[in-house]
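Structural features, examined
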Amino acid sequence: MSTTISTTTTPAWHDVTASASDRVEALLTELTLEEKIAQLFGVWVGASNEGGDVAPHQNDMDDVVDLDALLPNGLGQLTRPFGSAPVDPALGALSLLRSQRRIAASNRFGIPAVAHEECLAGFATWGATAYPVPLAWGASFNPGLIERMSHRIGSDMRSVGIHQGLAPVLDVVRDARWGRVEETIGEDPYLIGTIGTAYVRGLESAGIVATLKHFVGYSASKAGRNLAPVSVGPRELADVLLVPFEMVMRDGKPRSVMHSYTDIDGVPSAADESLLTGVLRDTWGFDGTVVADYFGIAFLKLLHGVADSWGEAAALALTAGVDVELPTVKTFGAPLAEAVRSGDLPEAVIDRALRRVLRQKVELGLLDPDWDATPEALRNVDVDDAEGIRGTVDLDNAGNRAVAREIAEQSIVLVSNDGTLPLAAPRRIAVVGPTTDDPFAVLGCYSFPAHVGVQHPDTPLGIELPTLLESLRIEFPEADIEYVPGTTIDGGETAGISAAVDAATRADVVIVALGDRAGLFGRGTSGEGCDVESLRLPGAQQDLLDAVLATSTPAVVTLLAGRPYALGSAVTGAGAIVQAFFAGEEGTAALSGVLSGRINPSGRLPVSIPASEGTQPSTYLAAPLARSNGVSSIDPTSAFAFGHGIGYTTFEWSAGQHGPGTVGVDGTATLGLRLRNTGDRSGTEIVQVYVHDPVASVVRPVQRLVGFQRVDLEPGESVELSIHVPADVTGFTGRHGERIVEPGEVVLGLGASSTNMRITHSVQLSGDARVVGFDRAFHPSFSEIARNAS
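First things first, this report covers the structure right here in the doc. (Residues numbered from 1 in each chain as written. Predicted model: local features only at pLDDT ≥ 70, side-chain atom pairs only at ≥ 80, totals over all residues. Heavy atoms only, no water.)

1. A look at the overall build of the chain
For clarity, the cut-off: Only DSSP runs of H or I with at least four residues qualify as helices, and only runs of E with at least two residues qualify as strands; both kinds are numbered from the N terminus onward. Using C-alpha atoms as the atom set, the radius of gyration is obtained and then compared with a globule rule of 2.2 Å times the number of residues to the power 0.38. Buried, partly exposed and exposed residues are distinguished by accessible area as a fraction of the type maximum, computed with a 1.4 Å probe on protein chains only: under 20%, between the cut-offs, and over 50%, respectively. Throughout, a contact is declared for two residues whenever any of their heavy atoms are within 4.5 Å.
Within the chain one finds 22 helices and 29 strands. Here the chain has a C-alpha radius of gyration of 27 Å; the compact-globule value for 790 residues is 28 Å, and the two agree. Counting only C-alpha atoms and orienting by the principal axes, one finds that the chain spans roughly 80 × 65 × 50 Å. Among the 790 residues that make up the chain, the fraction classed as buried is 62%. Long-range contacts, defined as pairs at least 24 residues apart, comprise 80% of the intrachain contacts of the chain with a sequence gap of at least 6.

2. Remarks on the pattern of salt bridges
Our working rule: A side-chain nitrogen of Lys or Arg and a carboxyl oxygen of Asp or Glu constitute a salt bridge if their distance falls within 4 Å.
Under the criterion given, the structure shown has 36 salt bridges. For E236, the salt bridge goes to R174, with nearest N and O atoms at 3.0 Å. Here the residue E236 occupies a position in helix α8 (residues 234-241), and R174 occupies one in the loop between β4 (164-165) and α7 (189-205), the gap between them amounting to 62 residues. With relative accessibility at 15%, the residue R174 sits in the buried group.

3. Some points on helix α1 (residues 20-28)
Taken together, the buried positions of α1 are occupied by R23, V24, A26, L27 and L28. Of the surrounding secondary structure, the elements contacted by the buried residues of α1 are α2 (33-38) and α14 (347-363).

4. Quick look at the environment of D68
Tracing the chain through its elements places D68 in helix α3 (residues 67-70). The spatial distance from the C-alpha of D68 to the C-alpha of A576 is 61 Å, given a sequence separation of 508 residues.

5. Considering the packing of aromatic side chains
Put simply, the rule reads: Pairing of aromatic rings covers Phe, Tyr and the six-membered ring of Trp, with a centre-to-centre limit of 6.5 Å; geometry is then stacked below 30 degrees between planes, edge-to-face above 60, and tilted otherwise.
All chains considered together, the criterion is met by 15 aromatic pairs. Ring plane angle 40° and centroid distance 5.4 Å describe the contact between Y261 and F299, whose orientation is recorded as tilted. In this pair, Y261 is assigned in the loop between β6 (256-259) and β7 (263-264) and F299 in helix α11 (residues 299-302), connecting sequence segments 38 residues apart. Comparing Y261 with F299, the two get one shared label, buried. The interplanar angle of 85° and the centroid separation of 6.3 Å between the aromatic rings of Y620 and Y690 together place this pair among those described as edge-to-face. Of this pair, Y620 sits in the loop between β16 (609-610) and β17 (638-640) while Y690 sits in strand β21 (residues 683-692), and the two are 70 residues apart along the sequence. This pair shows no difference in class: Y620 is buried, exactly as Y690 is. An aromatic cluster is built from F141, Y190, Y620, F642, Y690 and F708, whose rings are joined through pairwise contacts.

6. Topic: the sheet that holds strand β25 (residues 739-741)
Applied cut-off: When DSSP finds two or more bridges between two strands, those strands count as paired.
The antiparallel open sheet is built from three strands, whose spatial order is β24-β25-β28. Two strands close off the open sheet at either side, each with one partner strand: β24 (732-733) and β28 (770-771). Pairing of β24 with β25, which is carried by two bridges, proceeds in the antiparallel orientation. When the sheet's bridge partners are listed, T733 is paired in β25 with R739.

7. Some thoughts on the sheet that holds strand β9 (residues 289-291)
Strand pairs in the sheet, formed through backbone hydrogen bonds, run parallel or antiparallel to each other. Quick note on the threshold: Axis definition: a line fitted to C-alpha atoms, limited for helices to the stretch in contact. Angles are taken between N-to-C directions and run from 0 to 180 degrees.
Taken in spatial order, the seven strands make up an open sheet running β1-β2-β3-β4-β5-β6-β9, and their pairing is parallel. One side of each edge strand has no neighbouring strand; the edge strands of this open sheet are β1 (42-43) and β9. Bridge count between strand β3 (residues 114-117) and β4: two bridges; the pairing is parallel. Looking at the pairing, H116 lines up with Q164 of β4. In the packing of helix α9 (residues 243-252) onto the sheet, contacts are made with β5 (209-215) and β6, and the angle to β5 comes to roughly 165°.

8. Things to note about empty space enclosed by the protein
Using the following cut-off: In this analysis the probe radius is 1.4 Å and the grid spacing 1 Å, with only protein atoms considered; a cavity is a set of points the probe fits into but cannot get out of, a pocket is an open set with protein on both sides within 12 Å along at least five of seven lines, and lining residues have an atom within 4 Å of a point. Grid points are joined across faces, edges and corners, and a volume is the space filled by probe spheres set on the points. The nonpolar class holds Ala, Val, Leu, Ile, Met, Phe, Trp, Tyr, Cys and Pro. Asp, Glu, Lys and Arg form the charged class, and all remaining residues, Gly among them, are polar.
Counting across every chain of the model gives nine cavities of 30 Å³ or more. What the second largest cavity holds in volume is close to 60 Å³. For the second largest cavity, the lining is made up of 13 residues, of which T125, A128, A130, F448 and P449 are closest to its centre. Taken together, the residues of the lining of the second largest cavity sort by class into eight nonpolar, five polar and no charged.

9. Some remarks on the environment of Q39
For clarity, the threshold we go by: Under this definition, polar contacts are N or O atom pairs within 3.5 Å; protein pairs additionally need one hydrogen-donor-capable and one acceptor-capable atom, and for neighbouring residues in sequence, both atoms have to be side-chain atoms.
Examined against the element boundaries, Q39 turns out to sit in the loop between α2 and β1. Placed 72 residues apart in sequence, Q39 and I111 show a C-alpha to C-alpha distance of 9.1 Å. In this structure Q39 touches G74, L75, G76, I111, L354, V357, L358 and K361, once residues within four positions along its chain are discounted. Polar side-chain contacts of Q39 include one of 2.7 Å to the side chain of K361.

10. So, the layout of surface pockets
If you add up the space inside the second largest pocket, you get close to 530 Å³. For the lining of the second largest pocket, the secondary-structure elements that each account for two or more residues are α8 and α10 (273-283). Sorting elements by how many residues they give to the lining of the second largest pocket places α10 first, with four residues. Residues that form the lining of the second largest pocket fall into these classes: 12 nonpolar, six polar and five charged.

11. Here's the deal with unusual backbone geometry
Residue H214 is bonded to the preceding K213 through a cis peptide linkage, with omega at 5°. Each neighbour pair has its own omega, and for F215 with V216 the value is 0°, a cis peptide bond. Along the polypeptide, V216 turns up in the loop between β5 and α8. Residues other than glycine seldom take positive phi values, yet D265 does so here, at roughly 55°. Relative to the helices and strands, D265 resides in the loop between β7 and β8 (267-268). When its relative accessible area of 64% is taken as the criterion, D265 is described as exposed. For F295, which is not glycine, the phi torsion reads 65° and is therefore positive. Structurally, F295 is set in the loop between β9 and α11.

12. A short note on the side chain of T670
Within the secondary structure layout, T670 lies in strand β20 (residues 668-677). A polar atom in the side chain of T670 sits 3.3 Å from the side chain of H724. Ignoring anything within four residues of it in the chain, the contact list for T670 reads H658, G659, S722, I723, H724 and H761.

13. Some points on the packing of helix α18 (residues 468-475) against helix α22 (residues 587-596)
Keep this limit in mind: We call two directions roughly parallel when the angle between them is under 35 degrees, roughly antiparallel when it is over 145, roughly perpendicular when it lies between 65 and 115, and oblique otherwise. Helix crossings fall into two classes, left-handed where the near helix is turned counterclockwise from the far one by less than a right angle and right-handed where it is turned clockwise.
Contact pair α18 / α22: the axes reach a minimum separation of 8 Å and the direction vectors enclose 45°. Looking at the two axes, α18 sits oblique to α22. The two elements α18 and α22 cross, and the hand of that crossing is right-handed. Here L468, S471, L472 and E475 of α18 come into contact with α22, specifically with T588, A589, L591, S592, G593, L595 and S596. Along the lines of polarity and charge, the residues of the contact of α18 with α22 split into five nonpolar, five polar and one charged.

Read these as geometric descriptors, not functional statements.
In structure tokens form, the structure reads like this:
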């Protein structure tokens, strides 16, 4: 076995006083071709052979990794050392420590690997906090809170030796039938970009490399099917799908991007040089690493059919701009070396990717002469005493749970309410429905218990997951609570519905608890590969709902789900509807608190709730012809629009001092707003800023979100706001492919939702059309002029 080079002087790549580029160049010149390539792939040695796959086509990639043969050349990444099977966090950190020491000792230059993990709704490992899913982040409309969460996630990962996190997902929902809706932040590019930026800032501030995914278009697949082709025009690509990535790239400063599985108009993203190099690097200036979605490079041969061999697939991806093959080596090993030696791929393309990878290792301190594999969590313990350190690492501490609770509370959306809520100490409560007593009802697909834990049924969950029934009994200790499931989530059983109806009839109020079960590849009703044909509630849940609503008992419908569903009779027949999107381990307590009134809900819908189960694909970002009209028998109007949500207090909106009615195409418009809490309890209003462009050179959405602000007010308190809206935010991709700010009238709206404009202000943009680019203004600014108590 090779040993680490020893010299009398410090090698240049170890010189911490030198620039990162000089250190990288010094090391690059010393590496053989095989050593270079070894830095460009990961290995997945911890993958479980029990149960189902944890990545698409995992079983198609059945090559056995021979670490003894690989490690002398080095290793770029370690794939999910914590997230592939249940492991005590302290012992997982010890295992990773030993792996890193072995990797560094095995190659000539002592280079360790970058270790990455999933962190979509928390560090995806056993015993770590399960936060609400990204769709709930969007519902919170609170980027500062999400930044606090992601910093905690990053700190936990870094403490046990992880360097890179595979999040956030910046896909824009275009069809809610797509199974991965729960992983998105919503259906609006601006909301996604703003919340996504906050997530990246938090993760990166903890020292973790954030990875934007999936670049790009994955969510726009035909018929909402996972890993399906995408056919979008260049304008939809530029003005909808790319916008969140562009915003986060500029303002969040992530260090990694993951390509999408999909192809756009026949060109797979993993082989699309115009995207991975042209847009990402040449236009946006990104200088970090592009990593493959799991097996995505091999899919160029296996699924897309654009490569005839593994070597050709590797060459296509590298040339396009992919730097690292994940999760394990398939195409970037011997096939890639052969492609270089045969002259099919210049070695310079290898070097280009290698420079990015090594620069990141320099930034992470992995090439420093005093690098130590011991993570923070193990620095003051005896690492030779494995059993002695078991249980010493807490990844679900009180601080984490407090943030998880805050997000859950702020993300729950009170969709409708006829006065049934809050519940005023009811004596008899019937609770029916399949999410009532299911601890998994609050978890998304990429939570560890749902993603991996289900394959290990004999292992404890690792975290406390109180069911809704348990939380209701705590919230209403004096009530007689009767529980009848009625049906399962997706089994379609109807035999238990009559018992649920009987329970509802006996009660003062009935809570109908509906929703999803997250899973993988058809093993759930929501999650990766769990796409649906329509937005009808899964199984027989709609039948249960209709039967219970037919009783005279006041009914509250609660949803713990990963996507919006058509709710049929509940839209007009339910006393109240409360929507929670997989609200995490603190979710059922938060939901119960909303029902009791302990919590005044402030969430807003990040996705529209459809009126009909069969009107997809649909989105609030609709042009006039995509809305209800007299020339089609299909009405796509939502039951509850994007941005909608109510609470237990009321707010009065009135216009403040607006700015001039004419501003230049490079200027800023000003809107004034007076907001007063006219209710008897404190509450939060979310002021949303929309742009309507009555006449444009290309077809535009009727309304488009360009800003928002959470405003907290005590009873009777009022606030006066001045909102400054740069003309840049009205821009769009014109007929010649450039983003322009176009002269003419725009109508700025201040609304409580995308269909509830409270104040509008017409502004004339003057001057010639102006081209704007990556440096344009993305956000309006909010200034508080005055605040007055009652």
